[in-house]
Amino acid sequence: MEHGVTAGVFMKKFDVSVPRKMFWSNDVGGTGFCPLCQGRLEQESHSYLLIIRESRDIQSFIVGNDRGHFCERCPVVVLDYETFEQSALAGNPSSRSFEFTVPGIVDLDAIPEENADIPIGDDDNPIPLVRFANYRDGEPVKKKRKRGKISKAHRKRKSNRRAKSSR
Ligand SMILES: [Zn+2]
């Protein structure tokens, strides 16, 4: 039987409720080995909170992908920078430059079943964010200059779910 869409049916190998240190792939030379213990990294599909800041406008999105590389031996995840950069570009409507950051993993399994129909980020269904152990509010976020315009069609195709700001 297929249970693909129901949250919590499949056990993930990596328990996201454990706070992890996060590193960007381009800062640690790739996604092959853990920057702290040199253990092997393994990809697993999870959801992340992505915060985009354009001048004074801050938006947050939940993005799901399998480009988080988890250490088998210690609480570390290495995120593929380009994947998140692309998600940030896709969520960025207009400005020439913007910043983005990922403060943590969204623990979808922590959402009560009765909240399944309530948008994540709603007052009645707060985002179950597990902050990265090395994330601090106010730390400089990644900067990126936008290379070109993103067509409307492209933006529509993205499956990024809009979430209300967690601030
Ligand atoms: Zn490790």
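Residues numbered from 1 in each chain as written. Predicted model: local features only at pLDDT ≥ 70, side-chain atom pairs only at ≥ 80, totals over all residues.

**Focus on the overall build of the protein chain**
Line of reasoning, step 1. Counting its regular elements, the protein chain contains three helices and eight strands.
Line of reasoning, step 2. Listed by position from the N terminus, the elements making up the protein chain come as β-α-β-β-β-α-β-β-β-α-β.
Line of reasoning, step 3. Residue pairs at least 24 apart in sequence account for 75% of intrachain contacts in the protein chain once pairs closer than 6 positions are excluded. (Helix = DSSP H or I, 4+ residues; strand = E, 2+ residues; numbered from the N terminus. Contact = placed C-beta atoms within 7 Å.)

**Structural notes on helix H2 (residues 81–91)**
Line of reasoning, step 1. All of the buried residues in H2 are Phe84, Ser87, Ala88 and Gly91. For H2, the arc enclosing every buried residue in end-on projection is 100 degrees, short of the 170-degree limit, so these residues lie on one face. (Buried ≥ 20, exposed ≤ 12 C-beta atoms within 10 Å, placed from the backbone. Arc of directions from axis to C-beta.)

**Examining unusual backbone geometry**
Line of reasoning, step 1. The phi dihedral of Gln38 is positive, around 65 degrees, even though this residue is not glycine.
Line of reasoning, step 2. As for its placement among the helices and strands, Gln38 is situated in the loop between helix H1 (25–28) and strand E2 (41–54).
Line of reasoning, step 3. On the basis of neighbour count, Gln38 is assigned to the exposed category, with 11 C-beta atoms found within 10 Å.
Line of reasoning, step 4. At Ser55, a residue that is not glycine, the phi angle is positive and equals roughly 45 degrees.
Line of reasoning, step 5. Assignment of secondary structure puts Ser55 in the loop between E2 and strand E3 (57–71).

**Examining the nonpolar core**
Line of reasoning, step 1. If you look at the biggest cluster of nonpolar residues, it comprises 26 residues, and the most contacted ones within it are Tyr48, Leu50 and Val102.
Line of reasoning, step 2. Residue assignment for this core shows that the elements contributing at least two residues are strand E1 (21–24), E2, E3, strand E4 (76–79), H2 and strand E5 (97–106).
Line of reasoning, step 3. Those residues in contact with Tyr48 that sit more than four places away from it in its chain are Val63, Val102, Ile105 and Val106. (Core = buried A, V, L, I, M, F, W, Y, C linked by C-beta atoms within 7 Å.)

**Digging into the confidence of the model for the protein chain**
Line of reasoning, step 1. Model confidence for the protein chain is summarised by a mean pLDDT of 81, while 73% of its residues fall at 70 or above.
Line of reasoning, step 2. For the protein chain, helix H3 (residues 152–157) is the element with the lowest average pLDDT, namely 41, and E4 is the one with the highest, namely 98.
Line of reasoning, step 3. Segment residues 148–160: pLDDT under 50, and 11 contacts once partners within four positions in sequence are set aside and those in other chains are kept. (pLDDT = per-residue confidence, 0-100.)

**A few points about the environment of Phe100**
Line of reasoning, step 1. Position of Phe100 relative to the elements: it lies in strand E5.
Line of reasoning, step 2. Look at Phe100 and you get buried, because 22 C-beta atoms sit within 10 Å.
Line of reasoning, step 3. Considering only alpha carbons, one finds Phe100 and Phe84, 16 residues apart in sequence, at a separation of 8.7 Å.

**Some remarks on the pairing of E2**
Line of reasoning, step 1. Across 13 bridges, E2 lies against E3 in antiparallel orientation. Bridging across to E3, Glu54 finds its partner in Asp57.
Line of reasoning, step 2. The hairpin turn running from E2 into E3, its antiparallel successor, is two residues long, and Ser55 in that turn takes a positive phi close to 45 degrees.
Line of reasoning, step 3. Strand direction decides the pairing type here: E2 and E5, joined by six bridges, are antiparallel. Its bridge partner lying in E5, Tyr48 is registered against Ile105. (Pairing = 2+ DSSP bridges.)

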